[in-house]
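Residue-level structure breakdown
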Amino acid sequence: MVDGCAISVPIRDGGTDAPVGLVIAGPAGADRRILAIAAAAEAVVSSVPA
């Protein structure tokens, strides 16, 4: 069994209906760091025009 944490950040795809996401993963115990990175990534990708 793999011990770690991960989160998926949805990303708008400029023309298709296919779901697109950015998966950010890290080692066990890095939950706060992974969430911080995901929040920063979400701020960047949500500011990009579709």
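Here, every reference points to the structure presented above.
Please read all numbers here as calculations on a predicted model, not as lab measurements. (Residues numbered from 1 in each chain as written. Predicted model: local features only at pLDDT ≥ 70, side-chain atom pairs only at ≥ 80, totals over all residues. Heavy atoms only, no water.)

Each helix and strand in the chain was counted, giving one helix and two strands. Along its sequence from the N terminus, the chain presents helices and strands in the succession β-β-α. Sorting the 50 residues of the chain into buried and exposed places 14% on the buried side. Pairs at least 24 apart in sequence give 38% of the contacts found in the chain among residues at least 6 apart. Total accessible area computed for the chain in this model is approximately 3900 Å², and 61% of it derives from carbon and sulfur atoms. (Helix = DSSP H or I, 4+ residues; strand = E, 2+ residues; numbered from the N terminus. Buried < 20%, exposed > 50% of the residue type's maximum accessible area, 1.4 Å probe, protein only. Contact = heavy atoms within 4.5 Å. Areas by Shrake-Rupley, 256 points an atom, 1.4 Å probe, with all protein chains shown as cover.)

This paragraph deals with the nonpolar core. Core analysis: the biggest nonpolar cluster contains seven residues, these being Cys-5, Val-9, Ile-24, Ala-30, Ile-34, Ala-38 and Ala-41. When contributions to this core are tallied by element, the ones reaching two or more residues are β1 (4-11) and α1 (31-47). A total of three residues in this core trace back to one element, the largest contributor, which is α1. Beyond its immediate chain neighbours, meaning those up to four positions away, Ala-41 contacts Leu-22 and Ile-24. (Core = buried A, V, L, I, M, F, W, Y, C linked by side-chain atoms within 4.5 Å.)

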